[in-house]
Amino acid sequence: MTDNEDPKKGKKKGTNTEVCGYPLSIFFIVVNEFCERFSYYGMRAVLVLYFTYFLRWDDDLATSVYHAFVALCYLTPILGAIVADSWLGKFKTIIYLSIVYAIGQVVMAVSAIHDITDTNRDGVPDNMTFHVTLSMVGLFLIALGTGGIKPCVAAFGGDQFADHQEKQRRTFFSVFYLCINAGSLLSTIITPILRAQECGIHVAQKCYSMAFGVPAALMVVALVVFIVGSGMYHKTEPQGNIMLDVCKCIAFAIKNRFRHRGKAYPKRVHWMDWAEEKYDKLLIAQIKMVLKVLFLYIPLPMFWTLFDQKGSRWTLQATTMDGNFGLLILQPDQMQTVNPILILTLVPIMDSVIYPLIKKCGLNFTPLRRMTVGMFLAAMAFVAAALVQIQIDKTLPTFPSASQSQLKLLNMGSNPLTVALPNNSPVQLAAAQTDDLNKKPQQGNNAIRFINGMDTAVSVSGDFGLIEASSYSNYSLIQNGKSSFNISSGVQSCEYTREFGFGSSYMFLIPSNFTFEQNCQIMETEDIKPNSVHMAYQIPQYFLITAGEVVFSVTGLEFSYSQAPSNMKAVLQAGWLFTVAIGNFIVLIVAELAQIPEQWAEYVLFASLLVAVCVVFSIMAYFYKYIDPAEIEAEFREKDDKDYTGQPDKKEIDMVKNNSSENYDKDHKVNQTKM
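Rules used in this analysis
- Residues numbered from 1 in each chain as written.
- Predicted model: local features only at pLDDT ≥ 70, side-chain atom pairs only at ≥ 80, totals over all residues.
- Heavy atoms only, no water.
- Helix = DSSP H or I, 4+ residues; strand = E, 2+ residues; numbered from the N terminus.
- Buried < 20%, exposed > 50% of the residue type's maximum accessible area, 1.4 Å probe, protein only.
- Contact = heavy atoms within 4.5 Å.
- Areas by Shrake-Rupley, 256 points an atom, 1.4 Å probe, with all protein chains shown as cover.
- Phe/Tyr/Trp six-rings, centres within 6.5 Å; stacked < 30°, edge-to-face > 60°.
- Lys NZ or Arg CZ within 6 Å of the ring centre and 35° of its normal.
- Pairing = 2+ DSSP bridges.
- Axes fitted to C-alpha atoms, helices over the stretch in contact; angles between N-to-C directions.
- Disulfide = S-S within 2.5 Å.
- Salt bridge = Lys/Arg side-chain N within 4 Å of Asp/Glu carboxyl O.
- Patch = residues over 30% accessible without salt bridge, like charges linked within 9 Å, V, L, I, M, F, W, Y side chains within 5 Å.
- Core = buried A, V, L, I, M, F, W, Y, C linked by side-chain atoms within 4.5 Å.

**Student:** Describe in detail the overall build of the protein chain, supporting the description with residues and values.
**Tutor:** When its secondary structure is counted, the protein chain shows 17 helices and 17 strands. Every one of the 675 residues in the protein chain was classed for burial, and the buried ones make up 51%. Counting contacts in the protein chain only where the partners sit at least 6 residues apart, residues at least 24 apart contribute 76% of the total. Carbon and sulfur atoms make up 59% of the accessible area of the protein chain, which amounts to about 31000 Å² in all.

Take a look at the structure:
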């Protein structure tokens, strides 16, 4: 069923119940969309940390798999649209793929339960292959489900309105896209909090199973709510997919041109004209319009290459930063909430203030110019990220490379010592000095070790246990905030309290002359400094990338819809989603092949590539001629009518340039950026 078709045709009519002038059925659809978007963005918010800390992948592999998943999520909508329009219809497609979606979320939640394979009960899964396999199956099912229903739900909601309810339909789409951003905002706040909790049957670990389990539960709720409203829906029967018709027409034109190659056959104005022997001229003209826009899409994937890294590289960057905002301790994956908050703020500001102000200044800020500015803003966001990364790198400790060794020296005495090492200058060791650890503690934890310099054993509360005389404990990970340790000799005890930051390492020495006083006077050595670069420094890069998203994505969708024939909107929607998928594949390729040792250099590389693409796009935009699809279609129909009645018509139909960008089809304005 096409967008301009009579909505009453081909429908199975449900109960005609209205509330405040709106079909009751749309309330089920809106709730379904909120729950589904909460499920998707909630799972995605913690995904890269799940790869890094639970599956124990390195940053590059975690980034690659994350973006492969996102790319698949934006490829499957094409499949979903074809299945819905050509076979099952929108209602059945949503039902069946939502079941697949919910199963995928449940599988992901199960894959994050470490106790399943933790046979020795040390908190670490013993069969990582099992968890990796289960998570990959879950992600594939989620990608199939979320992508498959993506093109169906909004269109199905639009089908519920009659012709006289155009105003209510527009309001529905505004509320619908508000639910998308609301679901994204709430989920990226809640699921990182759930992830930060500790849970487990035998050994408590970060609760990724709960972080995935709540989105799974929301997806089940979304499915149930949608099914409950089944009897009220207007269900459109499948009537063919325009994308298949477009592909068939293009394929015929190419094949026909190849058959008639050579000087014996006269050239035609456009290569699509070779389809005239089989297809209607109006369809061919419509495809020409679409191809002009799709040609402009070629540079666009580079924008999405940068944009979607806020869920991978930027989240990993936040793990090395200080998330203490005073009354609020922000988790690294919660920084992503800045994006939906800024979207809800910047969209109305852009529409009501910035664009009218630019217009009053006499500047012709056309859509393609807006998109160019959006790409440039995204590039500047990565420059800002690189500057932040340089500051972070200054605070990181220097560890030996794979070809080097690390010698750990510990002076257990109370007096300084001088140690002479071969081929090295003498090393001065102050009392209780040590150098340890081969990497910075992960997830913002602090690595703590106690050393007993006394001639009797002592016990330290927590995971440290009994420490023999002149011995030391293993490292234990302590979360940020105030922690207290009870030190006891069996007869006497005292309590040592200290405030910890993020990502530090300390060694606490109980000296030989230690006395169990009230304040527990022990010596401490800071081996690794805590994260000192604050997460607030990421706000400028989030502001720039979100401003770029608003200017680029919203404008791009509006431009695409205004330049496409009414029955070709789905084709351009598929093309737009395809650019997102390609952009994520580019991240995958760079992360796996480039192997850039410095993260800030990778940020600069991406920014440079987008600036170069931005220049190419601006040149393409300069030569693009805006068209009015409705006018061109009307002229073709008028010509067909005259040919049918036998009246001569010598009028040539040209795609003329519009005088300004104000000739847009305002009815197709899109007020959303998340999909």
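**Student:** Tell me about the packing of aromatic side chains, residues and numbers included.
**Tutor:** Under the definition given, this model contains 46 aromatic pairs. Geometrically, the ring pair formed by tyrosine 297 and tryptophan 576 is edge-to-face, given 5.7 Å between the ring centres and 75° between the ring planes. With tyrosine 297 in the loop between helix H9 (281-296) and helix H10 (301-307) and tryptophan 576 in helix H15 (residues 569-594), this residue pair connects regions lying 279 residues apart in the sequence. Tyrosine 297 gets classed as buried once you look at its relative accessible area, which sits at 5%. Residue classification places tryptophan 576 among the buried positions, given a relative accessible area of 0%. Over the ring of phenylalanine 500 we find arginine 498, and its NZ or CZ is 5.4 Å from the ring centre. Over the ring of tyrosine 506 we find arginine 498, and its NZ or CZ is 4.2 Å from the ring centre.

**Student:** Got a sec to walk through the sheet that holds strand E14 (residues 481-488)? Specific residues and values, please.
**Tutor:** Across the sheet, which stays open at both edges, the four strands sit in the order E11-E10-E14-E15 with antiparallel pairing between neighbours. A strand with exactly one partner marks an edge of an open sheet, and here the two such strands are strand E11 (465-467) and strand E15 (493-500). Averaged over all pairs of adjacent strands, the angle between strand axes in this sheet comes to 25°, irrespective of strand direction. Relative to E14, strand E10 (residues 458-460) is paired through two bridges, and the arrangement is antiparallel.

**Student:** Account for the state of the cysteines, naming residues and giving values.
**Tutor:** By the definition in use, this model includes two disulfides. Here cysteine 199 connects covalently by a disulfide to cysteine 207, the sulfurs 2.0 Å from one another. What sets the handedness of the cysteine 199 and cysteine 207 disulfide is the S-S torsion sign, and at about 100° it is right-handed. On the basis of relative accessibility, which here comes to 2%, the residue cysteine 207 falls in the buried class. A disulfide bridge connects cysteine 494 with cysteine 520, and the sulfur atoms are separated by 1.7 Å. Looking down the S-S bond of the cysteine 494 and cysteine 520 bridge, the torsion is 90°, so its handedness is right-handed. Of this pair, cysteine 494 sits in strand E15 while cysteine 520 sits in the loop between strand E16 (505-510) and strand E17 (523-528), and the two are 26 residues apart along the sequence.

**Student:** Outline the pattern of salt bridges, supporting the account with residue identities and numerical values.
**Tutor:** Close approach of charged atoms allows side chains with opposite charge to pair. Scanning the entire structure with this criterion turns up ten salt bridges. A salt bridge links arginine 313 to glutamate 602, with the shortest nitrogen-to-oxygen separation between them at 2.9 Å. Of this pair, arginine 313 sits in helix H11 (residues 313-318) while glutamate 602 is found in helix H16 (residues 599-622), placing the two residues 289 residues apart along the sequence. Assessed through its relative accessible area of 4%, glutamate 602 is described here as buried. The network of salt bridges with common partners includes Asp60, Arg313 and Glu602.

**Student:** With reference to specific residues and values, describe a nonpolar patch on the surface.
**Tutor:** A cluster of nonpolar side chains, contributed by Phe376, Val611, Val615, Ile619, Tyr622 and Phe623, occupies part of the molecular surface with about 650 Å² of accessible area. At four residues, H16 tops the list of elements feeding residues into the nonpolar patch. With a relative accessible area of 62%, phenylalanine 623 lands in the exposed category.

**Student:** Lay out the environment of leucine 139 with the relevant residues and their values.
**Tutor:** Relative to the helices and strands, leucine 139 resides in helix H5 (residues 128-158). The spatial distance from the C-alpha of leucine 139 to the C-alpha of cysteine 73 is 9.4 Å, given a sequence separation of 66 residues. Sequence-distant contacts of leucine 139, that is, excluding residues within four places in its chain, are made with Met43, Leu47, Phe51, Phe69 and Met108.

**Student:** Would you mind going over unusual backbone geometry in detail, with residue names and values included?
**Tutor:** We note that arginine 56 has phi near 60°; this positive angle belongs to a residue other than glycine. Here arginine 56 is to be found in the loop between helix H2 (47-54) and helix H3 (59-88).

**Student:** Account for the nonpolar core, with residues named and values stated.
**Tutor:** Judged by nonpolar contacts, the single largest core of 139 residues is most densely connected at Leu47, Tyr50, Phe51, Phe69, Phe212 and Leu368. Tallying contributions element by element places helix H13 (residues 367-395) first for this core, with eleven residues. Once residues lying within four places of it in the same chain are set aside, the contact partners of phenylalanine 51 are Arg56, Trp57, Ala62, Val65, Tyr66, Met136 and Leu139. Core analysis: the second largest hydrophobic core is formed by 20 residues, Ile448, Val460, Ile478 and Cys520 among them.

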